[in-house]
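# Coordinate inspection notes
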Amino acid sequence: MIQSNATFGGSFAFAPHFTDAPGFRMHYVDEGPRDGEVVLCLHGEPTWGYLFRHLIPVLGATHRVIVPDHMGFGKSQTPAARSYWLQDHIDNLERFVLALGLTGITLVMHDFGGPVGMGLAARHPDRIRRFVSTNGPTPFGQADLLARVTENAAVSPWFRWIVQAEAEGNLETVLGQLGFNILSTLKLNGFENNAIITDDWLAAYGAPFASPAECLGAIGWAKGFATGAHRFEAPDTAADRAVRSKPALAIWGDADRTLHAAHFLPLFEAVFPGARVHRLAGVGHYCLEDAPEIVNPLISAFLGQT
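Residues numbered from 1 in each chain as written. Predicted model: local features only at pLDDT ≥ 70, side-chain atom pairs only at ≥ 80, totals over all residues. Heavy atoms only, no water.

Take the pattern of salt bridges next. Tallied over the full model, the rule gives 13 salt bridges. Residue Glu37 is joined to Arg129 by a salt bridge in which the shortest nitrogen-to-oxygen separation is 2.8 Å. Note that Glu37 is positioned in the loop between β2 (26–31) and β3 (38–42) and Arg129 in strand β6 (residues 128–134), a separation of 92 residues in sequence. Relative accessible area serves as the criterion here: at 27%, Glu37 is assigned to the partly exposed category. Overlapping salt bridges bring together Asp91, Glu94, Arg123 and Glu233 as one network. (Salt bridge = Lys/Arg side-chain N within 4 Å of Asp/Glu carboxyl O. Helix = DSSP H or I, 4+ residues; strand = E, 2+ residues; numbered from the N terminus. Buried < 20%, exposed > 50% of the residue type's maximum accessible area, 1.4 Å probe, protein only.)

Attention now moves to the packing of helix α7 (residues 182–189) against helix α8 (residues 199–206). As a packed pair, α7 and α8 sit with axes 9 Å apart at the nearest point and diverge in direction by 85°. One element, α7, and the other, α8, form an angle in the roughly perpendicular class. In this structure, α7 contributes Ile182, Leu183 and Leu186 to the contact, and α8 contributes Trp201, Leu202, Tyr205 and Gly206. Looking at the contact of α7 with α8 residue by residue, the class counts come to six nonpolar, one polar and no charged. (Axes fitted to C-alpha atoms, helices over the stretch in contact; angles between N-to-C directions. Parallel < 35°, antiparallel > 145°, perpendicular 65-115°, else oblique. Contact = heavy atoms within 4.5 Å. Nonpolar A, V, L, I, M, F, W, Y, C, P; charged D, E, K, R; others polar.)

This part takes up unusual backbone geometry. With an omega of -10°, the peptide bond between Glu45 and Pro46 qualifies as cis. Looking at the element boundaries, Pro46 is found in the loop between β3 and α1 (55–60). Residue Phe8 is not a glycine yet carries a positive backbone phi of 55°. Turning to its location among the elements, Phe8 is positioned in the segment before β1 (16–19).

Enumeration according to the criterion identifies 19 aromatic pairs in this entry. Relative to Phe209, the ring of Phe73 has its centre 6.2 Å away and its plane inclined at 90°; by these criteria the two rings are edge-to-face. Placement of Phe73 in the loop between β4 (64–68) and α2 (86–100) and of Phe209 in the loop between α8 and α9 (216–227) is noted, with a sequence separation of 136 residues between them. Like Phe209, Phe73 is buried. By way of ring pairs, the aromatic residues Phe8, Phe12, Phe14, Trp48, Tyr50, Phe191, Trp201 and Tyr205 are connected into one cluster. (Phe/Tyr/Trp six-rings, centres within 6.5 Å; stacked < 30°, edge-to-face > 60°.)

Further remarks concern the state of the cysteines. According to the stated counting rule, one finds zero disulfides in the structure shown. For the unlinked cysteine Cys287, the closest cysteine sulfur is that of Cys41, found at 12 Å. (Disulfide = S-S within 2.5 Å.)

Turning next to the environment of Phe302. Along the chain, Phe302 falls in helix α13 (residues 292–305). The spacing of Phe302 and Val132 is 170 residues in sequence and 8.9 Å in space, taken between C-alpha atoms. Beyond its immediate stretch of four places on either side in the chain, Phe302 contacts Arg130, Phe131, Val132, Pro247, Ala248 and Leu249.

What follows is the structure, encoded as structure tokens:
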């Protein structure tokens, strides 16, 4: 776990907040006016709230921007006795949102933050106001969900590696050294913007994984796919109807090597027909890192227009 006051050369100079509501010490950023509309930013694998460092001040001028680190990531605790499947992260987020009393939420979701956020929406559609997918899948009971996930995994270097490494018995060994191989992992997933790599940037992404014991979150997310342990949350009829009526925006870096637009944007369009979709050529999986100058204004404009 990163030191709570670590700012990585001032690049993440947000006051740390913590709650034990999910059953572990969960870190979150809470910026902007307390009475502002809530924007809840959800990271994925193997990142943390640092991914949203450029978006936070842009939206924080007018909105209350809350950015939690999932269990086992960032400045949050990595408990040894917990499991790290999708359903666990949904449970944790639900407890977090209820403890903070958050309503009128705009979800900004990246990577596995998508399934976690959609899981929250399935359970509490009344608390969600808008959806923003930034290379973040939106599973919501679609009939072709598992087929699309399977087809994507067949052409994704990251998912192919996960399956092979688990079969050969070395997935935990390799990901247990994530603090050392963080850049190669990000590149495998489709990180394109090499110009932003600095010592502070590398430290920010590598520091959460300083030892094998601190890599349980990253290991669990990968292992859950390899073993079929993750469980997507399916909405009931009322939740499905409620969510489909809400404003939504998708921003997708087309150079994503892990989550291909051809497989995942149709899932978004099935839930949010007619919603605006922006596909960004030359932008990779981590679109918030590769093109914040494009992504952040798109999100800000969407909030202003809806």
